[in-house]
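Here is how the chains run, residue by residue.
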Protein chains: 2
Amino acid sequence: MSGALSETGEASDDALIAPAFTCGLDATLRIISGKWKPLILYFLLRGPNRYGELKRAVRDVSDKVLIQQLKELDADGVLLRTDYKEVPPRVDYTLTPLGRSLAQALEPLCAWGTENMAEMQRIFAERDAWQRPRPARPK
Amino acid sequence: MSGALSETGEASDDALIAPAFTCGLDATLRIISGKWKPLILYFLLRGPNRYGELKRAVRDVSDKVLIQQLKELDADGVLLRTDYKEVPPRVDYTLTPLGRSLAQALEPLCAWGTENMAEMQRIFAERDAWQRPRPARPK
DNA sequence: CAGTATCCAACAAGATACTG
DNA sequence: CAGTATCTTGTTGGATACTG
């Protein structure tokens, strides 16, 4: 993915990590890439959340995938999992300071989507029109 | 992906597109999802670019994928492809106003990555440590 | 230079079933 | 409630070769 190595061997003194681009954007992208991660982060901005709440908020996500993405976000230090070790189980997820700042950086994207909602509708409608009209009979 | 259909058949009057979340974030995500799209957009913010420049800027991307993502961004109305119909061929890509505003909304993410560069290094190093040490000799 | 055309591998994600 | 364990699928993306 990132060829962090510059075997041309002389231009790597101006950047510490793979200078895949002129800014930190790709570093950020590696953290938030995952279908539901931005949504999870943004949702957690409102406060700590139990697993079930999260799952209801991020609709259409399966347990498997949600847990998986939560684990990765945890491992990356943007959120914290707290298991209260009660019965019935209670677990909640909270943003770390790092995670909070990341989630805040997502706000402009959210705002953009909201402001351009009309445009978005048009775009998605057009996309669906081009996607082969697979009737997609939902069973 | 988006189950925009509510076959329960009555709750779809309060939202025009799938209200997958409480804000426009997921709409935005559907535009910029694609491994290189955010990078492309952000790069184009500096001005129009010819195909070759883009390809050099977004390193490690193949022609196939680059073209594919450019086409999608074009179809979505965030950028414009201009073919000058010369020989040798000259084509350039420019952001539309919509695309420009989107690219600008990416700036905080870029800044976040830059500000937390040290953290990012740590994270990626740790990730690589856990990924099974598949030598992955690149070439 | 700016692509197109195939073919293929990888991984993310979904369905389903089961558990402490 | 909050997961885990498999299995399967589908979409992305990449390698390679070729073209106007």
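All residue numbers here refer to positions counted from 1 along the written sequence of the relevant chain. Labels are handed out in written order, letters beginning with A for the chains and numbers beginning with 1 for the ligands. The model is predicted, so local features are restricted to residues of pLDDT at least 70 and side-chain atom pairs to those at 80 or more, both for listing and for counting; the totals for chains, interfaces and linings are taken over all residues. Hydrogens are left out, water is left out, and the side-chain values use all remaining heavy atoms of the structure.

What to know about the UniProt feature "domain: HTH hxlR-type" (unreviewed entry) in chain A
What counts, and what does not: UniProt positions are given in the numbering used here, feature names are shortened, and annotations may be inferred rather than shown by experiment. Helical segments are the DSSP runs of H or I of at least four residues, strand segments are the runs of E of at least two, and each set is numbered from the N terminus.
Using the residue numbers shown here, the UniProt feature "domain: HTH hxlR-type" (unreviewed entry) corresponds to residues 23–121 of chain A. Secondary structure within residues 23–121 of chain A divides into 60% helix and 12% strand; the distance between the first and last C-alpha atoms comes to 31 Å.

Points about the sheet that holds strand β3 (residues 91–95) of chain A
Paired through backbone hydrogen bonds, the strands of a sheet run either parallel or antiparallel to each other. All names here are of chain A. Heads up, the rule is: By this definition, two strands are paired if DSSP reports at least two bridges between them. Here, residues are in contact when the closest pair of their heavy atoms is within 4.5 Å. Fitted lines through C-alpha atoms give the axes, limited to the stretch in contact for helices. The angle between two N-to-C directions lies from 0 to 180 degrees.
Strand order in this open sheet of three strands is β1-β3-β2, and the pairing throughout is antiparallel. What marks the edges here is a single partner per strand, and that holds for β1 (49–50) and β2 (79–83). Bridge count between β1 and β3: two bridges; the pairing is antiparallel. What sits directly across from N49, in β3, is Y93. Lying over the sheet, helix α2 (residues 37–44) contacts β1, β2 and β3, oriented at roughly 90° with respect to β3.

So, the protein's contact with DNA strand C
The condition that has to hold: Residue proximity to a molecule or strand is established when one non-hydrogen atom of the residue lies within 4 Å of it. Polar contacts, as counted here, are pairs of nitrogen or oxygen atoms within 3.5 Å of one another; within protein the pair requires one atom able to donate a hydrogen and one able to accept it, and residues that are adjacent in sequence qualify only if both atoms are side-chain atoms. Polar here means any residue other than Ala, Val, Leu, Ile, Met, Phe, Trp, Tyr, Cys and Pro, which are nonpolar, and Asp, Glu, Lys and Arg, which are charged; Gly is therefore polar.
DNA strand C sits among 20 residues. The nearest are K35, K64 and Q69 of chain A together with I67 and R81 of chain B. Each atom of DNA strand C within 4 Å of the protein was assigned to sugar, phosphate or base; sugar and phosphate come to 66%. Within the backbone of G52 of chain B, an N or O atom sits 3.0 Å from a phosphate oxygen of DNA strand C. K71 of chain B is positioned with one of its side-chain polar atoms (N or O) 3.3 Å from a phosphate oxygen of DNA strand C. Where the surface near DNA strand C is concerned, the elements lending two or more residues are α4 (63–75) of chain A together with α3 (51–57), α4 (63–75) and β3 (91–95) of chain B. Looking at which element gives the most residues to the surface near DNA strand C, the answer is α4 of chain B, with four residues. Of the residues that constitute the surface near DNA strand C, the class distribution is eight nonpolar, three polar and nine charged.

Things to note about the protein's contact with DNA strand D
In the neighbourhood of DNA strand D, 19 residues make up the surrounding shell, with I67 and R81 of chain A together with K35, K64 and Q69 of chain B lying closest. At 3.3 Å from a phosphate oxygen of DNA strand D is found a side-chain nitrogen or oxygen belonging to K71 of chain A. In the environment of DNA strand D, a phosphate oxygen lies 2.3 Å from a nitrogen or oxygen atom belonging to the backbone of K35 of chain B. Of all the elements in the fold, those that place two or more residues in the surface near DNA strand D are α3 (51–57), α4 and β3 of chain A together with α4 of chain B. Here the residues of the surface near DNA strand D sort into eight nonpolar, three polar and eight charged.

As for the interface of chain B and chain A
The line we're drawing: In this description, buried area is defined as the sum, over both parts, of the accessible area (probe of 1.4 Å) that is lost when the two are combined. We count a salt bridge whenever a side-chain nitrogen from Lys or Arg sits within 4 Å of a carboxyl oxygen from Asp or Glu.
Contacts between the two partners involve 50 residues from chain B, matched on the other side by 49 residues from chain A. Of all residues in chain B, the largest losses of buried area upon contact with chain A belong to F21, L109 and W112 of chain B, amounting jointly to 16% of the total for that side. Inspection of the chain B/chain A interface yields two salt bridges. At the junction of chain B with chain A, the criterion picks out twelve residue pairs in polar contact (both at pLDDT 80 or more). Those elements giving two or more residues to the side of chain B that touches chain A turn out to be α1 (25–32), α2 (37–44), α5 (97–105), α6 (107–115) and α7 (117–130) of chain B.

Things to note about the state of the cysteines
Formally: When the sulfur atoms of two cysteines come within 2.5 Å, that pair is taken as a disulfide. We call a residue buried when its accessible area falls under 20% of the maximum for its residue type, exposed when it is over 50%, and partly exposed in between, using a 1.4 Å probe and counting protein chains only.
Applying the stated criterion to the full structure yields one disulfide over all chains. Linked covalently through their sulfurs, C23 of chain A and C110 of chain B form a disulfide whose S-S length is 2.4 Å. Remark: C110 of chain B occurs in helix α6 and C23 of chain A occurs in the segment before α1 (25–32); the pair is interchain, linking two chains. Relative accessible area serves as the criterion here: at 13%, C23 of chain A is assigned to the buried category.

Some details on the environment of E72 of chain B
Residues and elements named next belong to chain B. Mapped onto the elements, E72 comes out in helix α4. Along the chain, E72 and Y42 lie 30 residues apart, while their C-alpha atoms are 16 Å from each other. Polar contacts involving the side chain of E72 include one to the side chain of K37, which spans 2.6 Å.

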